[in-house]
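# Overview (structure and organization)
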Number of protein chains: 2
Amino acid sequence: MTDIKITDEIKLRVEQVRRRMLELGAQALLVADASNIYYLSERVFRGFVYLDLVNDPVYCIIRPNNLHGDAVEFIRKPELIPEVLQKRGINLPDSVALELDDLPYSEVLRLSAVFHTDAPQNASVILREARMVKTPKEIETMKADGVRQAAAYSRIPHIYKEDMTDIEFQIEIERVLRLEGCLGYYRTSGRLMEINMGSVLNGENADAPTPYDFAVGGGGADLSLPVGADGRTMKPGTTVMVDMCGNFNGYQTDMTRVWSIGSVPDLALKAHDASRKILRVLEKEARPGVATSALYEMAMDVVRESGLEKYFMGHTQHAAFVGHGVGIQLNELPVITPRSKHLLEQNMTIALEPKFVIPHVGAVGVENTYLVTPDGLRSLTEFPEEIQDLAQ
Amino acid sequence: MTDIKITDEIKLRVEQVRRRMLELGAQALLVADASNIYYLSERVFRGFVYLDLVNDPVYCIIRPNNLHGDAVEFIRKPELIPEVLQKRGINLPDSVALELDDLPYSEVLRLSAVFHTDAPQNASVILREARMVKTPKEIETMKADGVRQAAAYSRIPHIYKEDMTDIEFQIEIERVLRLEGCLGYYRTSGRLMEINMGSVLNGENADAPTPYDFAVGGGGADLSLPVGADGRTMKPGTTVMVDMCGNFNGYQTDMTRVWSIGSVPDLALKAHDASRKILRVLEKEARPGVATSALYEMAMDVVRESGLEKYFMGHTQHAAFVGHGVGIQLNELPVITPRSKHLLEQNMTIALEPKFVIPHVGAVGVENTYLVTPDGLRSLTEFPEEIQDLAQ
């Protein structure tokens, strides 16, 4: 039996959500997505979190059967939720907001009917925006995560062997991450991030376009999963970019480093330096109140000064972004693109990943996860950024 | 550049889908889910397959930009689909069926608007049912998959070391699977199967209930992902159940085997034998035309004869099913439960997984993936079924 309680931490998160419910004019939310249930309960269950503007959240649980506490009601199906709420003396709302961007259409229709809601308001945006700004506990969790991810990355140089394929290299990285405590699986928003534990890109494969929402692609090992390592032998004169899973505790850090096999052309080194320069500029300029779209423009200024536009964020296929929020999900808000509308806020956590793809060489660049502070960005993924030679 | 063609294989699949479109009275489908796109194109892209009753499918692709062929139209957004269809001389349908069980509510609204569809018909069921019955090529693909999964499993006894934790054991299994060519990631239907590469359950942890749609649970290593191995040391007198990822080529086989650490009580051995007896009965009785609900009842007859009801498919939390379809997704149709409505058809592929959880010992039972033939089931996951002692 496991206890589940409305802790002060949960109350803090509930306040984040309620503030946005008021802005939207939502009386109540019915939350079903695993990431959002985890945010609002620090547990994962099959079922629903019912949240209105006055009462403590109610955890309506279908499975598992071993979560207990005052806030818990076991239900067999969502149609029973109004009954359990009424038994608690909770006034039923006129309508509920639902996670319209996360739940399948059929499920939204079913849940809407439970509360006689004709045109449900969208809870997805409220919850994504609430999750943008982290609580002190969430920040500590992510800091711990970054330390473990960096510890696993420090073992990467010992993994490389001559004539290894990129997939063999990735498999050994997966293993050291998992032995360090990485959970392997990680949550994402949307349907467009199919991958196993992240991406290892060597040489020309970094230039293979992908269907997915990743900064750079890779052709993948099989047509059924066209992303990431493709089985090539890692040859001298190429780079290998490692952007692997940083989920050790339910929160994620996102971190990319690049190694070389032998020496690589100056153009690759120049682009790698430009990536680091972008990070140094943004670390200083990114403060509460700054527009995320402005961050993208600052990055582009450095790219243009360096004359590297055609390699930035891909070569045969480009991605017009330079970073994204990170936390329970890998791809949280804000998204840092030319069209983003969000302003930075204190205690947001964002990953910045200015990357370049150099034809015949590979991908270069650095990605760190940062905490937004009044004095600029503070890295949660401290690890040497230089390109080191694996073959030496 | 990669070619994408309307091959004879694709035409075969299209016919499976069209037969069901006619039954439903659907003029056209607009398909967006990755599993279904892969089924209808043998590729994965961000975009849509447009399929009506007369024309070859049209692949409307947003990303990647390197797929080419007569059936391909590049689009920036779904609103441009009617225009590209009209340019091809295709008459626009009065409405399109959409994947209502797979796509988020917001996306369905957007796609409905593109075709002025007020109440879209549900393409999810059509596509799931079409995918139930495999083509000869799909069957060959799954056979190859089963051989590779069995090859990886054959290395499991060499992995075990005294005082290993279940997670350490799982990590090394993940590694041998990956080195054998396993893609790691696998597609599922629905929102309720979060896990990394499958499940390793040792001892009492097999009895920990999970929120997810897996036959048996496990507490997991972290509250954020409450499923599977929990970090315990594998002790003498327990079993370890291995139910790990069998996706080597876009199609999956699902296969479970059990090992022991030292000797285990007779009750566990008896339950394991009952599982194998269930499989032998079903292998003989499961033929085209047999109701999947009848398969469940046949399994329950063996369970009851053995007096093992309280351990069947979980102990503190039970799952009322004994198997499921498998293919591009891990959990395809038919589902083999007391309430299933499907009849078996030739060339369905189903996983049968009669499992028992024995308190203080662990989980026992066998899972195989089978092809439905006129003479009964043919196993695609041939591998010894006996419980062998890892500590010997």
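Before going into details, it helps to say that this report is about the structure given with it.

Definitions and limits used
Residues numbered from 1 in each chain as written. Chains lettered and ligands numbered in written order. Predicted model: local features only at pLDDT ≥ 70, side-chain atom pairs only at ≥ 80, totals over all residues. Heavy atoms only, no water. Helix = DSSP H or I, 4+ residues; strand = E, 2+ residues; numbered from the N terminus. Buried < 20%, exposed > 50% of the residue type's maximum accessible area, 1.4 Å probe, protein only. Contact = heavy atoms within 4.5 Å. Areas by Shrake-Rupley, 256 points an atom, 1.4 Å probe, with all protein chains shown as cover. Lys, Arg positive; Asp, Glu negative; His and termini not counted. Charge placed at Lys NZ, Arg CZ, Asp CG, Glu CD. Patch = residues over 30% accessible without salt bridge, like charges linked within 9 Å, V, L, I, M, F, W, Y side chains within 5 Å. Salt bridge = Lys/Arg side-chain N within 4 Å of Asp/Glu carboxyl O. Buried area = accessible area lost by both parts, 1.4 Å probe. Least-squares fit on C-alpha atoms with pLDDT ≥ 70 in both. Pairing = 2+ DSSP bridges. Polar contact = N/O pair within 3.5 Å; in protein donor to acceptor, adjacent residues only side chain to side chain. Phe/Tyr/Trp six-rings, centres within 6.5 Å; stacked < 30°, edge-to-face > 60°. Lys NZ or Arg CZ within 6 Å of the ring centre and 35° of its normal.

## Thoughts on the overall build of chain A
Secondary structure summary: chain A contains 10 helices and 17 strands in total. If you line up chain A on its principal axes, its C-alpha atoms span 70 × 40 × 35 Å. Per-residue burial for chain A yields a buried fraction of 64% across its 392 residues. Restricting to contacts in chain A with at least 6 residues of sequence separation, those with at least 24 account for 67%. Summed over all atoms, the accessible surface of chain A reaches about 14300 Å², with 49% contributed by carbon and sulfur. Averaging the locations of the 41 positively and 55 negatively charged side chains of chain A gives two centres separated by 3 Å.

## Considering a nonpolar patch on the surface
Together, Leu22, Leu53 and Val54 of chain A line one region of the surface with nonpolar side chains, adding up to about 300 Å² of accessible area. Mapping Val54 of chain A onto the fold places it in the loop between β3 (46-52) and β4 (58-63).

## A short note on the interface of chain B and chain A
Note: interface size is frequently given as the accessible area lost on complex formation between the parts. Taken residue by residue, the interface counts 60 residues in chain B and 60 residues in chain A. When chain B packs against chain A, the two sides together hide about 5200 Å² of surface, and 53% of this comes from carbon and sulfur. Contact with chain A buries surface across chain B, with Arg63, Tyr105 and Arg191 of chain B losing the most and accounting together for 15% of the total. One can count 10 salt bridges joining chain B with chain A. Arg178 of chain B is the salt-bridge partner of Glu174 of chain A, the closest N and O atoms lying 2.7 Å from each other.

## Examining the relation of the copies chain B and chain A
Between chain B and chain A, the superposition needs a rotation of 180° and an axial shift of 0.0 Å, giving an RMSD of 0.0 Å. Viewed as a symmetry operation, the transformation between the two copies matches a two-fold axis. Here 100% of the contact residues of chain B are again contact residues in chain A; the copies associate through an equivalent surface.

## Some details on the side chain of Ser112 of chain B
All names here are of chain B. Along the chain, the position of Ser112 falls in helix α4 (residues 105-114). For Ser112, a relative accessible area of 4% puts it in the buried group. Setting aside anything within four residues of it in sequence, one finds Ser112 in contact with Leu98, Thr117 and Pro120.

## A look at the sheet that holds strand β7 (residues 198-202) of chain B
Two orientations exist for strands paired in a sheet by backbone hydrogen bonds: parallel and antiparallel. Residue and element names in this part refer to chain B. Across the sheet, which stays open at both edges, the 4 strands sit in the order β7-β8-β9-β17 with mixed pairing between neighbours. At either end of the open sheet lies a strand with only one pairing partner, and these are β7 and β17 (388-389). Sheet analysis places β7 next to strand β8 (residues 238-244), joined by 5 bridges and oriented antiparallel. What sits directly across from Gly198, in β8, is Met244.

## Section: helix α2 (residues 34-41) of chain A
Residue and element names in this part refer to chain A. Counting buried positions along α2 yields 8 of 8 residues, so the element is predominantly enclosed. Burial in α2 covers these residues: Ala34, Ser35, Asn36, Ile37, Tyr38, Tyr39, Leu40 and Ser41. Against α1 (8-24), β2 (28-31), β3, β4, α5 (123-132) and α6 (136-153) lie the buried residues of α2. For α2, the side-chain oxygen to backbone nitrogen distance between the N-cap and Ser35 is 3.1 Å, and the N-cap itself is Asp33. Residue Glu42 follows α2 closely and has a positive phi angle near 55°.

## Structural notes on the pairing of strand β13 (residues 355-358) of chain B
Residues and elements named next belong to chain B. Of the two faces of β13, the one carrying Lys355 and Val357 and the one carrying Phe356 and Ile358 are both buried. Pairing of β13 with strand β14 (residues 362-365), which is carried by 4 bridges, proceeds in the antiparallel orientation. Across the sheet, the residue bridging to Ile358 is Gly362, located in β14. A loop of 3 residues connects β13 with β14, the two strands running antiparallel in sequence, and His360 in this loop sits at a positive phi of about 70°.

## Some points on unusual backbone geometry
Trans peptide bonds make up the majority, and among non-glycine residues the majority have a negative phi. In this structure, the amide linkage connecting Arg63 of chain A to the following residue, Pro64 of chain A, adopts the cis form with an omega of 0°. By the secondary structure assignment, Pro64 of chain A is in the loop between β4 and β5 (67-68). Residue Leu333 of chain A is joined to Pro334 of chain A through a cis peptide bond whose omega torsion reads -5°. When you line up the elements, Pro334 of chain A lands in strand β11 (residues 332-336). You will see that His116 of chain B, though not glycine, has its phi angle at about 50°, which is positive. Taking relative accessible area as the criterion, His116 of chain B reaches 70% and is therefore assigned exposed. Look at His360 of chain B: it is not a glycine, yet its phi comes out positive at around 70°. Note that His360 of chain B resides in the loop between β13 and β14.

## Quick notes on the environment of Ile4 of chain A
Residues and elements named next belong to chain A. Position of Ile4 relative to the elements: it lies in the loop between β1 (2-3) and α1. Accessibility expressed as a relative area gives 2% for Ile4, which makes it buried. Residues Ile4 and Pro120, spaced 116 residues apart in sequence, show a C-alpha to C-alpha distance of 29 Å. Not counting residues within four places of it along the chain, the set of residues in contact with Ile4 comprises Ser41, Arg43, Phe45, Tyr59, Leu67, His68, Gly69 and Val72.

## Considerations on the pattern of salt bridges
Residues and elements named next belong to chain A. Evaluation of the coordinates by the stated rule reveals 48 salt bridges over all chains. Glu9 serves as the salt-bridge partner of Arg13, at 2.9 Å between the closest nitrogen and oxygen. Residue Arg13 and its partner Glu9 are both found in helix α1; the two are separated by 4 residues, about one turn of the helix. Residues joined in a network through salt bridges with shared partners are Arg276, Arg280, Glu283, Glu385 and Glu386.

## Some words on the packing of aromatic side chains
For the coordinates displayed, the defined rule picks out 17 aromatic pairs over all chains. Here Tyr38 of chain B and Tyr251 of chain B contribute two aromatic rings whose centre-to-centre distance is 6.2 Å and whose plane-to-plane angle is 50°, an arrangement assigned as tilted. Taken together, the residues span a long stretch of sequence, with Tyr38 of chain B in helix α2 (residues 34-41) and Tyr251 of chain B in the loop between β8 and β9 (256-261) at a distance of 213 residues. The ring of Tyr38 of chain A has Arg187 of chain A sitting right over it, with the charged end atom 5.9 Å from the ring centre.

## Considerations on the side chain of Arg18 of chain A
Residue and element names in this part refer to chain A. Here Arg18 lies in helix α1. Since its relative accessible area comes to 11%, Arg18 is described here as buried. Polar contacts involving the side chain of Arg18 include one to the side chain of Glu15, which spans 3.2 Å. Setting aside anything within four residues of it in sequence, one finds Arg18 in contact with Leu51, Asp52, Leu53, Val54, Asn55 and Asp56.

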